[in-house]
Amino acid sequence: MPGISEDSVRRVPHDGDVARPDDAHVLDGIRSLHDRLDDLERLVAQRLAAEGRHPPGLVHEHHQLPAWCRPTKGETRWTVAAVTTIAIALQIAVPGRLVLVRPAWILPAAQGLLLIVLMVSNPHRINQQSGMRRTLGFALAALLSLANGWSVAWLAIGIVQGSLGKTAGPLLITGSAIWLTNVIAFALWYWELDRGGPAARALALRPYPEFQFVQMVTPQMAPPNWEPTFADYLYLAFTNAAAFSPTDVMPLSRWAKMAMTIQSVISIVTVALVVARAVNILQ
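For clarity, every value in this text was computed on a predicted model and none was experimentally measured.

The next subject is the nonpolar core. With 53 residues, the main nonpolar core has L155, Y190 and F211 as its most contacted residues. Contributing elements (two or more residues each) for this core: α3 (78-90), α4 (106-121), α5 (131-161), α6 (168-193), α9 (230-243) and α10 (254-282). For this core, the element with the highest residue contribution is α6, accounting for twelve residues. Setting aside anything within four residues of it in sequence, one finds L155 in contact with L98, L164, L171, T174, I178 and V274.

Moving on, we get to the pattern of salt bridges. Scanning the model with the defined rule gives one salt bridge in all. Between E75 and R201 there is a salt bridge, with the nearest N and O atoms lying 3.9 Å from each other. Residue E75 is located in the loop between α2 (21-50) and α3, and its partner R201 is located in helix α7 (residues 198-203); the two are separated by 126 residues in the primary sequence.

Put simply, R102 and P103 share a cis peptide bond, and its omega is 0°. Checked against the element boundaries, P103 lands in the loop between α3 and α4. Even without being a glycine, R195 presents a positive backbone phi close to 50°. Summarising the element assignment, R195 is placed in the loop between α6 and α7. Owing to a relative accessible area of 2%, R195 belongs among the buried residues under this scheme. At F244, a residue that is not glycine, the phi angle is positive and equals roughly 60°. On the secondary structure map, F244 appears in the loop between α9 and β2 (250-251). Given a relative accessible area of 35%, F244 falls into the partly exposed group.

Quick look at the environment of I281 now. Mapping I281 onto the fold places it in helix α10. In sequence terms I281 and K166 are 115 residues apart; their C-alpha atoms lie 7.4 Å from each other.

Right, let's talk about the packing of aromatic side chains for a bit. If you walk through the whole model with that rule in mind, you get ten aromatic pairs. When the centroid spacing of 6.4 Å and the interplanar angle of 75° are considered together, the rings of F211 and Y233 count as edge-to-face. Residue F211 is located in strand β1 (residues 211-212), and its partner Y233 is located in helix α9; the two are separated by 22 residues in the primary sequence. For the residue pair F211 and Y233, the accessibility class agrees, reading buried in each case.

Conventions and cut-offs
- Residue numbers run consecutively from 1 along every chain, following the written order of its sequence.
- Reporting in this predicted model follows two pLDDT cut-offs: at least 70 for local features of residues, and 80 or more for side-chain atom pairs to be given and counted; totals over whole chains, interfaces and linings ignore these cut-offs and use all residues.
- Side-chain calculation: all heavy atoms of the structure are included, whereas hydrogens and water are not.
- We call a set of buried Ala, Val, Leu, Ile, Met, Phe, Trp, Tyr and Cys residues a nonpolar core when their side-chain atoms join them within 4.5 Å.
- Accessibility here uses a 1.4 Å probe with only protein chains present; expressed as a share of the type maximum, an area under 20% marks a residue as buried, one over 50% as exposed, and anything in between as partly exposed.
- For the purposes of this entry, the term helix denotes a DSSP run of H or I that reaches at least four residues, the term strand denotes a run of E that reaches at least two, and both are numbered from the N terminus.
- The contact criterion used is simple: two residues touch if any of their non-hydrogen atoms lie within 4.5 Å.
- A side-chain nitrogen of Lys or Arg and a carboxyl oxygen of Asp or Glu constitute a salt bridge if their distance falls within 4 Å.
- By convention, a stacked pair of Phe, Tyr or Trp rings (six-membered ring in the case of Trp) has centres within 6.5 Å and planes under 30 degrees apart, an edge-to-face pair has planes over 60 apart, and any other such pair is tilted.

Here's what the structure looks like:
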């Protein structure tokens, strides 16, 4: 054959031949090259899909992209509403001297009203941008955080001064309510801010996430319709509050890192002071 020497033909392995180490290295290199090309194709497709375009010859159907980087039908608000209702109810367990505004029912009532307005304005799937709903969502998260932060501060002052925590039972109940409210409040912040919020994520308006979930880096281990919902952000907030550091979800943006740091500090103060005081009382 022209252009091919007899030696090169003899070097081609056939069925039954024993593969030489050089052949194995070549095959490994080819596989690695294919993997890199697949990764490059996926990154290009994700960027073009986020811009509303489709790369010719690469991606023509939305289902070839993971759900978290393409437009979807969005998540429902019912899970968020149920968990937020729990956070509002938990504030009732906080003693009156730790509340921000008196009478103690005013802030929970205001938070409940905001939640009702959000539910009525969009009771189904969150897949439409609305500046009003986004502002109301921020206001609800801010009220929860402000009230809970005030409670944490005065709980710490009361324990240090000895004016709070005379009995272990009420102290543990108060500390648990504040700790769990902290988890839910920060879950709301993460959910509202990651990639522009739930509506922006459903519309795939922003390609770069603030949090890296495991399913994003190992898409072969997740179904193609997986995308982060409020339950994932609640898990993120819970593990960060329990471990005082990130676990399997990594913060990517600076605000995400700062928010997780603040949440960890609040959790450390609450757990350390309440547990230490309770143990001292029980002894």
